[in-house]
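Letter by letter, the chains look like this.
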Amino acid sequence: MDEGSSGRRVIHIGLPELSEEQLMEIGEIAQETVIKHVFDTLNRSDVKDIEVTMRLNRDETLDLEIEVYLEVPVFVRVDVDGLIEEAVERAYEAVERKLREIANEGKTEA
């Protein structure tokens, strides 16, 4: 039997309007960070399936939702839930750094 797990978190970020290009870049940063962390921890052959879904919603705040599904063979000794949590946390940190960078660029242009 294989071990699969998924995790999801939402972070609320209050920022000025972002362009569609900036929103796409934020989603890509988060997705790449999750995948990189998983493959920094596991060999490619240890991963049967990985899916990373990003959702960005703009209302009064910017909501970023990251959903990760990771499946590994049962013989791979890894805390899948913990690995997902670490990967998502790193993704949020990377996104936060990028958003701060964007916010700082806006301040210098004003």
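For the structure, check the block above.
Residues numbered from 1 in each chain as written. Predicted model: local features only at pLDDT ≥ 70, side-chain atom pairs only at ≥ 80, totals over all residues. Heavy atoms only, no water.

Caption draft 1: Quick look at the overall build of the protein. For the protein, the count of helices and strands is two helices and three strands. Per-residue burial over the protein gives 36% buried out of 110 residues. Pairs at least 24 residues apart make up 72% of the contacts formed inside the protein by residues separated by at least 6 positions. A total of about 7000 Å² of accessible surface is found on the protein, and carbon and sulfur atoms cover 45% of it. (Helix = DSSP H or I, 4+ residues; strand = E, 2+ residues; numbered from the N terminus. Buried < 20%, exposed > 50% of the residue type's maximum accessible area, 1.4 Å probe, protein only. Contact = heavy atoms within 4.5 Å. Areas by Shrake-Rupley, 256 points an atom, 1.4 Å probe, with all protein chains shown as cover.)

Caption draft 2: Inspection of the packing of aromatic side chains at higher detail. All chains considered together, the criterion is met by zero aromatic pairs. Directly above the ring of Phe39 sits Arg44, whose terminal nitrogen or CZ lies 4.2 Å from the centroid. (Phe/Tyr/Trp six-rings, centres within 6.5 Å; stacked < 30°, edge-to-face > 60°. Lys NZ or Arg CZ within 6 Å of the ring centre and 35° of its normal.)

Caption draft 3: Up close: the pattern of salt bridges. Tallied over the entire structure, the rule returns six salt bridges. Between Glu25 and Lys98 there is a salt bridge, with its nearest N and O atoms 3.1 Å apart. Taken together, the residues Glu25 in helix α1 (residues 20-41) and Lys98 in helix α2 (residues 80-109) connect sequence positions 73 residues apart. When its relative accessible area of 31% is taken as the criterion, Glu25 is described as partly exposed. For Lys98, a relative accessible area of 13% puts it in the buried group. (Salt bridge = Lys/Arg side-chain N within 4 Å of Asp/Glu carboxyl O.)

Caption draft 4: A look at the environment of Ala103. Inspection of the secondary structure assignment puts Ala103 in helix α2. Sequence-wise, Ala103 and Leu18 are 85 residues apart; in three dimensions their C-alpha atoms are separated by 9.6 Å.

Caption draft 5: Here's a closer look at the pairing of strand β2 (residues 49-58). In terms of strand pairing, β2 meets strand β3 (residues 62-72) through 10 bridges, oriented antiparallel. Paired with Asp49 across the two strands is Glu71, which belongs to β3. The turn linking β2 back onto β3 is made up of three residues. (Pairing = 2+ DSSP bridges.)

Caption draft 6: Inspection of the side chain of His37 at higher detail. Along the chain, the position of His37 falls in helix α1. Separated by 3.0 Å, the side chains of His37 and Glu86 make a polar contact. (Polar contact = N/O pair within 3.5 Å; in protein donor to acceptor, adjacent residues only side chain to side chain.)

Caption draft 7: Fine view of the environment of Glu51. Tracing the backbone through its elements, the reader meets Glu51 in strand β2. With relative accessibility at 43%, the residue Glu51 sits in the partly exposed group. Each C-alpha atom, one on Glu51 and one on Ile35, is 8.9 Å from the other, the two residues being 16 residues apart in sequence. Sequence-distant contacts of Glu51, that is, excluding residues within four places in its chain, are made with Glu67, Val68 and Tyr69.

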